[in-house]
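# Observations on chain architecture
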Number of protein chains: 2
Amino acid sequence: MPVGLAYELPEIHPVAGVYLGATAAKIKKNGKTDLVVMEFAPGSVTAATFTTNACCAAPVHVAKAHLAAEQPRALLINSGNANAATGESGMVNAKQTCQWLADELGCEPEEILPFSTGVIGEPLPMNKIQLGLVAAVADRAIDHWPHAMAGIMTTDIVPKMVSRVINIDGHDITITGMAKGSGMIHPNMATMLGFVATDAKITAELLQACLSQAVKKSFNRITVDGDTSTNDACTLTATQQADMPTMTDANSPQYKLFAAEIERVMTELAQMIVRDGEGATKFISVEVNGGESEAECLQVAHAVALSPLVKTAMFASDPNWGRILAAVGRAGVKNLDINRLQIFLGDVCIVRDGGRASDYTEEQGQQVMKSEDIAVRIELNRGQHSETVWTCDFSYDYVKINAEYRS
Amino acid sequence: MPVGLAYELPEIHPVAGVYLGATAAKIKKNGKTDLVVMEFAPGSVTAATFTTNACCAAPVHVAKAHLAAEQPRALLINSGNANAATGESGMVNAKQTCQWLADELGCEPEEILPFSTGVIGEPLPMNKIQLGLVAAVADRAIDHWPHAMAGIMTTDIVPKMVSRVINIDGHDITITGMAKGSGMIHPNMATMLGFVATDAKITAELLQACLSQAVKKSFNRITVDGDTSTNDACTLTATQQADMPTMTDANSPQYKLFAAEIERVMTELAQMIVRDGEGATKFISVEVNGGESEAECLQVAHAVALSPLVKTAMFASDPNWGRILAAVGRAGVKNLDINRLQIFLGDVCIVRDGGRASDYTEEQGQQVMKSEDIAVRIELNRGQHSETVWTCDFSYDYVKINAEYRS
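Because the structure is a prediction, the values reported are computed rather than measured. (Residues numbered from 1 in each chain as written. Chains lettered and ligands numbered in written order. Predicted model: local features only at pLDDT ≥ 70, side-chain atom pairs only at ≥ 80, totals over all residues. Heavy atoms only, no water.)

## Some details on the sheet that holds strand β8 (residues 193-198) of chain A
Residues and elements named next belong to chain A. Threshold: Pairing between strands is defined by DSSP: at least two bridges between them are needed. By definition, any uninterrupted DSSP run of H or I lasting at least four residues is a helix, any uninterrupted run of E lasting at least two residues is a strand, and each is numbered from the N terminus. An axis is simply a line fitted to the C-alpha atoms; with a helix, the fit covers only the stretch in contact. Between two such axes, the angle follows the N-to-C directions and lies from 0 to 180 degrees. For this analysis, residues touch if any pair of their heavy atoms sits within 4.5 Å.
Pairing in this open sheet of 5 strands is mixed, and the strands run β3-β9-β8-β7-β6 from one edge to the other. Of all the strands in the sheet, just β3 (45-50) and β6 (160-168) have a single pairing partner and so form its edges. Each strand of the sheet is rotated relative to its neighbour by a mean of 10°, with strand direction disregarded. Bridging between β3 and strand β9 (residues 233-238) involves 6 bridges; their strand directions are antiparallel. Following the sheet pairing, A48 is matched in β9 by T235. Sitting on the sheet, helix α4 (residues 145-152) touches β6, β7 (171-180) and β8, and the angle it makes with β7 is about 25°. On top of the sheet, helix α5 (residues 204-217) reaches β3 and β9; it is set at about 35° to β3, its chief contact.

See below:
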C-alpha cells in the first residue's frame, strides 16, 4: 500500500502547447492503458536525462541520438515492455515506432523520443504499437494528462502527478509533471520515467541545466532496492507559451525561482515513487549531516537506505538502531570516529558516545516507529556537508511482487 | 530451510591440543548453549582476521589488541549478545570477561581472545557470563567440538563444521573448523565467526599468511544481504602437535598443499553459511570470467549477487535473465560492451549479442531454475581475470526472520 499517498489526482493544470493522447494497445497483459503520445507545439524545447546503466535499453539509445539531432515534437511512451536487452532488433523496432508516429504527426522520425518501461528482454509487439499509435494520436487533448499518466504505469499502485501555477514577476507559469516507478529504483540518473512540462519561456541550454540540477537532488536521491533500471529517463519540456520574457541567465532571480520550483516538483514526484515503492509500508528519509564531502554523506545515506536489515526492521516497526549503526560502520568512510557519531530517529537521539544514547528508552524509539513516515538523521560531526535520500521499507509484499512479476 | 545441507554433523576429528567446553549461560533467551571456551595447549599459534566495519564491536578491539601482545591460550565466545555499540562500558566488559577466564585457566588476560555474536547494543549480562565461565571451563574436552558449535550459533538452523585428516609427505595433519552466520553477511573480512584448528607445525607468520589468503577466497566471497557485521572474525590455530617438520617456507610444496586444504575447508564453511542464509531456498554461485581485473569481476559478481530483484526472481525459480543483465549493466564497469557479454544459467546461454540468446527457450531456463543449486556465469570477454562469489535467494522468510529477530 502506498505510504501516505492519495489515490486521487491533484488538480491538474494543462500546459499550453502540450497535447496528450493514450490508448490500451494490449501491450500489457491486463488490458490497461499502455501507449502514450505527448506532443509539443512547434518552438518547444526539451531537456532530458537518462539512465547510466551500461546495458541501457534500445529506446534510451534512440532517444539520446534523436535529442542530439532535433528538438522533439513528441514523446512516444509505452508500458508493459521495456524493449531492453533486445539487441539489434530492439534498436530497429524503437526507430520504427518513431517513424510511424512521425508519419502520423507529419514530422521527422528524429523529432520523436521513444520511451519504454516494463518487462526486459521481450521483443516489442510491433503490430499492437502500430495500431495503437493511431488511437493514441486521435486521443490527443490538452487535458488528457490523467489518461497519459495511466498509460505509463507498470507496478505502480497510484498515479504520480504534481501540477501547479506559480507567478514570477507577475507572469503565471504552469508546471505539470508525471512519473512512474516503484521497483528497480536506485539513484544513478532518474531510476524511473518522469515527464514534466511547463509553458515557461527559457533557452534550451538553461532548461537542460535546470533539469540536471533538479534530477540530481530529487530522482537521484531516492532508492527502493538499489537496482538501477535500464530504461530510466526524465524529460522537461518548455513550450515557451507563457506570457513572459525568455529566461536566459542562470543567475537571474527569475530563473532561480523557476529552477527551485522545478526541483520541488521533481522532489515531490520522486518521493511519490518511494511512497509507492513495491511493498512499501514506511517512507523513510535518511539525512546525513556533518560529512567531509557530498560523496561521503551519500555513501553513508545509501548504506543505511539500502540495508535489507535496516529495511526489514523498519517494516517491523522495530527501532533496531544497532542495524543502522552497523550500516553506517560498513559504509566505507575513512577514519570514521564512532564516538563522534550521533544517530536520531525522529527527534530521539538513539546513538551517542559510541553506543546507545544513555537517556534513550525503547519506548521512545517505538513511539517514532509507529508513524508511517520515519526520519533517520545521522550526524557525522566531521565536516559541513549534508545530503538526504529517501527510501522505503522491505516487506513480505516486496518479495511477493518481485517473485511473481512475470507469472 | 538450509539448501542442500545436512542437519547431521560430519565425522569430527579432534585436534590434538585443542580443548573445548560450552554451557548454557542464559545469555540467549531460548536457554540454548551460548558460552564457549576453546583452550589451546602451550606452544600453539593463532592467526586471525577481523571485520572492517568502522563500528566494530568491543570484543573485536580487545581481541586485536590481545593478539598483538600475546599468543592466545584460549578463545572465549558468547552468542546471544554482540557486545557491539556498547561504548566504553562494552570495552570494560570485554576485558573483564578475559580476566575471569584467565583467572580460571591460570594465564594472563592478554592470552584470551573474546568473541561475541548476537543482538547489537545490549550490555553483556556479566553475572551470567561469570557464572557460565566456570561451567564452560569444567566442560572442556578434546571431543567437545559439537557442543562448542552449538554454543556459537544464533539464527543458524544447522551447525557448520568441516573436519578432515590429510597426509602430507607421510605426516597426518588434522584440520577441524566450525563457523556460524546466516544474516548480516557480506564480504569485507569474514562476515561471520569462524574458528579453525589444526595440529600442524607452522610458524605464526606463515599461519597468518595462510589464513589471510584463505579468507580472501572463501569467507570474503560470500554475501547474503550485503550487510557487513560489526563482529566478524575468523581464527586459525595451529597447535604444533602433529609429527612433522615445522613449515616455514611459503614456497615449499608441503605448505602449498596445506594452504590449499585450509582454503578448501574455509570455502566449505563459507558456502555452508550461504546455504543456511536467512530464508534461503537456493544456493547461487555467481562466476565472472574475462574481466580486466579482480576488482571489476567482483564488482559485477556483487552487483548480481546483491540485487534484490535477481534474488527474488531466484526465489520464484524464474529465469528472469533481464534482471541479471540489468545488474551487470549497473555494476559500474567502465566501457562495458553489452554486445560482447554472455550470460549463462547453468550450461544454458541466456544472453548473447546484446540480448536474449537467439536459441534460448524459457523451458531451458526453467529447467535450470528447478535445482536448489544455481550457477550464474557471466563472460565479460575483455580480460583474463575470474572471480566467484556465493549467495542465496531472497524469500518471504528472509523478511520474516529479520522483521521478527528482536521480538
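## Here we look at the interface of chain A and chain B
Quick reminder of the rule: Put simply, buried area is how much 1.4 Å-probe accessible surface two parts lose in total, over both of them, once they are put together. Definition used for salt bridges: Asp or Glu carboxyl oxygen within 4 Å of a side-chain nitrogen of Lys or Arg. Within 3.5 Å is the distance limit for a polar contact, defined as a pair of N or O atoms, with the added protein rule that one can donate a hydrogen and the other accept it, and that residues adjacent in sequence qualify only through two side-chain atoms.
Counting residues at the interface gives 53 residues for chain A and 53 residues for chain B. With both sides pooled, the region where chain A packs onto chain B buries about 4300 Å², and carbon together with sulfur makes up 58% of that total. Taken together, the connections running from chain A to chain B amount to 2 salt bridges. For R356(A), the salt bridge goes to E122(B), with nearest N and O atoms at 3.6 Å. In this assembly, chain A and chain B are joined by 4 residue pairs in polar contact (both at pLDDT 80 or more). In terms of residue count, the dominant contributor to the side of chain A that touches chain B is helix α9 (residues 321-329) of chain A (7 residues).

## Examining the packing of aromatic side chains
The description of an aromatic ring pair rests on the distance of the ring centres and on the angle between the ring planes. Heads up, the condition is: Aromatic contacts are taken between Phe, Tyr and Trp rings whose centres are within 6.5 Å, Trp giving its six-membered ring; a plane angle under 30 degrees counts as stacked, one over 60 as edge-to-face, and the others as tilted. Partly exposed residues are those whose accessible area sits between 20% and 50% of the maximum for their type, while under 20% is buried and over 50% is exposed, using a 1.4 Å probe and protein chains only. Note on geometry: a ring has a charge over it if NZ (lysine) or CZ (arginine) is within 6 Å of the ring centre and within 35 degrees of the ring normal.
On inspection of all chains with the given rule, the structure shows 3 aromatic pairs over all chains. Relative to F394(B), the ring of F394(A) has its centre 5.2 Å away and its plane inclined at 65°; by these criteria the two rings are edge-to-face. Linking F394(A) in the loop between β15 (385-392) and α11 (396-403) with F394(B) in the loop between β16 (385-392) and α11 (396-403), this pair reaches from one chain into another. For F394(A), a relative accessible area of 3% corresponds to the buried category. Relative to F195(B), the ring of F115(B) has its centre 5.1 Å away and its plane inclined at 75°; by these criteria the two rings are edge-to-face. Taken together, the residues F115(B) in strand β5 (residues 112-119) and F195(B) in strand β8 (residues 193-198) connect sequence positions 80 residues apart. Each member of the pair F115(B) and F195(B) is classed as buried. A cation over a ring is seen here: R275(B) above F283(B), with NZ or CZ 3.9 Å from the ring centre.

## Concerning the confidence of the model for chain A
All names here are of chain A. Stated formally: A score from 0 to 100, pLDDT tells how confident the predictor is in each residue.
In the predicted model, chain A carries a mean pLDDT of 89, and 94% of its residues have values of at least 70. Confidence scores differ between elements of chain A, with α11 showing the lowest mean pLDDT of 76 and helix α3 (residues 126-138) the highest of 98. In this model, residues 186-191 is a region of pLDDT below 50 whose contacts with residues beyond four sequence positions or in other chains number 38 contacts.

## Overview of the pairing of β7(A)
All names here are of chain A. Burial analysis of β7 places 8 of its 10 residues in the buried class, the great majority of the element. Relative to β7, β6 is paired through 9 bridges, and the arrangement is antiparallel. Bridge pairing in β7 places M161 opposite M178. Connecting the antiparallel pair β6 and β7 is a turn made up of 2 residues, with D169 showing a positive phi of about 55°. For β7 and β8, the ladder comprises 6 bridges, and the chain directions are antiparallel. What sits directly across from T176, in β8, is A197.

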